[in-house]
Amino acid sequence: SKSLPLDIAARIWDLFFMDSDYLYYVGLGIIKYFIRQFTDGTFEDMFEFITHLPKTIDDVGFFNAVLSLEVSKSKLKVIKSEARRLAPDKFG
């Protein structure tokens, strides 16, 4: 939450408490919202960008990007399973 503006982070936390899967959608939404920054630079540029997101983000545009994702619950289950496989120490 330290990389996102406080108002956006607070809304994400609210939604997380309603549905913990929402964090996966937010992660994918960040990629979708900032796709140009991810595709136009080097890996190092992308890493620097994701660790220092802009201080101002259009919250409506950002949440529209998150909500417009077409990821089914079954696809999300596959994503979560792969995340657990790749980083078992992070997922218990």
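Here the structure is shown first, and the text comes after it.
Residues numbered from 1 in each chain as written. Predicted model: local features only at pLDDT ≥ 70, side-chain atom pairs only at ≥ 80, totals over all residues. Heavy atoms only, no water.

**Q** Kindly report on the overall build of the chain, identifying the contributing residues and their values.
**A** Per the secondary structure count, the chain includes seven helices and zero strands. The order of α-helices and β-strands along the chain, N terminus first, is α-α-α-α-α-α-α. Considering only C-alpha atoms, the chain reaches an extent of 30 × 30 × 25 Å along its principal axes. For the chain, buried positions account for 28% of its 92 residues. The distance from the centre of the 12 positive side-chain charges to the centre of the 13 negative ones in the chain is 7 Å. (Helix = DSSP H or I, 4+ residues; strand = E, 2+ residues; numbered from the N terminus. Buried < 20%, exposed > 50% of the residue type's maximum accessible area, 1.4 Å probe, protein only. Lys, Arg positive; Asp, Glu negative; His and termini not counted. Charge placed at Lys NZ, Arg CZ, Asp CG, Glu CD.)

**Q** Outline the pattern of salt bridges, listing residues and values.
**A** Within the structure shown, the criterion is met by five salt bridges. Between Lys80 and Asp21 there is a salt bridge, with its nearest N and O atoms 2.6 Å apart. Remark: Asp21 occurs in the loop between helix 1 (6–18) and helix 2 (22–33) and Lys80 occurs in helix 6 (residues 73–86); sequence separation between them is 59 residues. Judged by relative accessible area, which is 18%, Lys80 ranks as buried. On the accessibility criterion, Asp21 (14% relative accessible area) is buried. Three or more residues joined by partner-sharing salt bridges are found here, namely Asp19, Asp21, Lys73 and Lys80. (Salt bridge = Lys/Arg side-chain N within 4 Å of Asp/Glu carboxyl O.)

**Q** Provide a residue-level description of the environment of Tyr33, including the pertinent values.
**A** Looking at where Tyr33 falls in the secondary structure, it is placed in helix 2. In sequence terms Tyr33 and Val66 are 33 residues apart; their C-alpha atoms lie 7.9 Å from each other. The residues contacting Tyr33, other than those within four sequence positions of it, are Ile57, Asp58, Gly61, Phe62 and Ala65. (Contact = heavy atoms within 4.5 Å.)

**Q** Go over the environment of Lys32 with me, naming the residues and quoting the values.
**A** The residue Lys32 is located in helix 2 in this model. Overall, Lys32 belongs to the partly exposed group, its relative accessible area being 38%. Separated by 18 residues in the primary sequence, Lys32 and Ile50 place their C-alpha atoms 12 Å from one another.

**Q** Outline the side chain of Lys80, supporting the account with residue identities and numerical values.
**A** Within the structure, the side chain of Lys80 is placed 2.6 Å from the side chain of Asp21, a separation counted as a polar contact. Leaving out residues up to four positions away in the same chain, Lys80 has contacts with Asp21 and Tyr24. (Polar contact = N/O pair within 3.5 Å; in protein donor to acceptor, adjacent residues only side chain to side chain.)

**Q** An account of the side chain of Asp21 is requested, with residue identities and associated values reported.
**A** At 3.5 Å, the side chain of Asp21 and the side chain of Lys73 are in polar contact. Beyond its immediate sequence surroundings of up to four residues, Asp21 is in contact with Lys73, Leu76 and Lys80.

**Q** Talk me through the packing of helix 2 against helix 6; I want residue IDs and the actual numbers.
**A** Closest axis-to-axis distance for the helix 2/helix 6 pair is 11 Å, and the angle between their directions is 85 degrees. As far as their axial angle goes, helix 6 and helix 2 are roughly perpendicular. Residue-level inspection shows Tyr24, Tyr25 and Leu28 of helix 2 in contact with helix 6, the latter providing Lys73, Leu76, Ile79 and Lys80. In the contact of helix 2 with helix 6, the residues fall into five nonpolar, no polar and two charged. (Axes fitted to C-alpha atoms, helices over the stretch in contact; angles between N-to-C directions. Parallel < 35°, antiparallel > 145°, perpendicular 65-115°, else oblique. Nonpolar A, V, L, I, M, F, W, Y, C, P; charged D, E, K, R; others polar.)

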